[in-house]
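Single-letter residue listing:
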Amino acid sequence: MRFRKYIGFAMVAAVLLTGCGSAGDTGGSPEHSAGAGTEAGASDSPRASTVAVPVDKAEAERVARRFLDAANAGDAKGVEAAFAENARFDSVGRVYPSRADIMNRFLIPEVLDVGGRYKAIGSRWDGDRYVVRYDFKTSGGGGESFSYAFLIQDGLIRDVAGRY
């Protein structure tokens, strides 16, 4: 009889523990969850759209272009305006959880202040993400190639997975 009692408690505990979270739970808002496949190495992006929001591909491409043009012009206000206030940017594991962090800790010091220039060298769609490959150069001669997988909704960048 005692054995059955412990089995019952164990089963209740197991049900409660598995019902409280999941491997994909990132603690973010309900419209975001794990598993946004973008390109090789970017499938670990912590957030992707799970809400059935139709993607306006033409608008998303325009927003990504607006970001590129503002960044290349050194226009911090224009770059900032491309992002939602609660946007998130994952730059190969360095996660910036808000527009202010994206600007102040990443884009201003590492792109705008160094005279960075993006050159789009290719793009494609991966689900609801617009993936753009860039060659990037600084005014000091540094450079690298990488991609940004943009999640763009309602005319704003909501999430970016940067892969170098």
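Owing to the predicted nature of the structure, the values given are computational and were not obtained by experimental measurement. (Residues numbered from 1 in each chain as written. Predicted model: local features only at pLDDT ≥ 70, side-chain atom pairs only at ≥ 80, totals over all residues. Heavy atoms only, no water.)

### Description of the pattern of salt bridges
Enumeration over the complete set of coordinates arrives at eight salt bridges. Asp154 serves as the salt-bridge partner of Arg158, at 3.7 Å between the closest nitrogen and oxygen. Residue classification places Asp154 among the exposed residues on the basis of a relative accessible area of 64%. One network of salt bridges, in which partners are shared, links Arg88, Arg129 and Asp159. (Salt bridge = Lys/Arg side-chain N within 4 Å of Asp/Glu carboxyl O. Buried < 20%, exposed > 50% of the residue type's maximum accessible area, 1.4 Å probe, protein only.)

### Let's talk about the sheet that holds strand β6 (residues 129–137)
One open sheet accounts for six strands, arranged β4-β3-β8-β7-β6-β5; its pairing is mixed. Each edge of the open sheet carries a strand with a single partner, namely β4 (94–96) and β5 (117–126). Direction aside, the axes of adjacent strands within the sheet are offset by 20° on average. Contacting β3 (83–91), β5, β6, β7 (143–153) and β8 (156–163), helix α2 (residues 57–72) crosses the sheet at an angle of about 165° to β5. Most of the contacts of helix α4 (residues 99–112) go to β3, to which it runs at about 55°, and overall it touches β3, β4, β5, β6 and β7. (Pairing = 2+ DSSP bridges. Helix = DSSP H or I, 4+ residues; strand = E, 2+ residues; numbered from the N terminus. Axes fitted to C-alpha atoms, helices over the stretch in contact; angles between N-to-C directions. Contact = heavy atoms within 4.5 Å.)

### Points about α4
For α4, which comprises 14 residues, the first-to-last C-alpha distance of 15 Å sits more than 12% below the rise-based estimate of 20 Å (1.5 Å per residue). Most pronounced at Phe106, the bend in α4 amounts to some 35°, and the proline Pro109 follows within four residues. For α4, the complete set of buried residues consists of Ile102, Met103, Phe106, Leu107, Val111 and Leu112. (Expected span 1.5 Å × (residues − 1). Bend = angle between axes of the 7 residues up to and from the residue.)

### Thoughts on the side chain of Ser91
Assignment of secondary structure puts Ser91 in strand β3. Setting aside residues up to four positions removed in sequence, Ser91 forms contacts with Tyr96, Phe106, Gly162 and Tyr164.

### Considering the confidence of the model for the protein chain
Confidence in the prediction for the protein chain averages 78 pLDDT; 68% of positions are at 70 or higher. A low-confidence stretch, residues 1–50 stays under pLDDT 50, and its non-local contacts, those more than four residues away or across chains, total 59 contacts. (pLDDT = per-residue confidence, 0-100.)

### Focus: the environment of Asp101
By the secondary structure assignment, Asp101 is in helix α4. Of the residues examined, Asp101 reaches a relative accessible area of 22% and is grouped as partly exposed. Here the alpha-carbon distance between Asp101 and Glu85, two residues 16 residues apart in the chain, equals 9.9 Å. Filtering out sequence-adjacent residues up to four positions away, Asp101 remains in contact with Tyr96 and Phe106.

### Here's the deal with the packing of aromatic side chains
What the rule picks out here adds up to 18 aromatic pairs. Both rings, one in Phe67 and one in Phe83, keep their centres 5.9 Å apart while their planes meet at 90°; by these two values the pair is edge-to-face. Of the two residues, Phe67 is situated in helix α2 and Phe83 in strand β3; the sequence distance between them amounts to 16 residues. Summarising the burial analysis for this pair, Phe67 and Phe83 share the class buried. Pairwise contacts between aromatic rings join Phe67, Phe83, Phe89, Tyr96, Phe106, Tyr118, Tyr134, Phe136, Phe146, Tyr148, Phe150 and Tyr164 into one cluster. (Phe/Tyr/Trp six-rings, centres within 6.5 Å; stacked < 30°, edge-to-face > 60°.)

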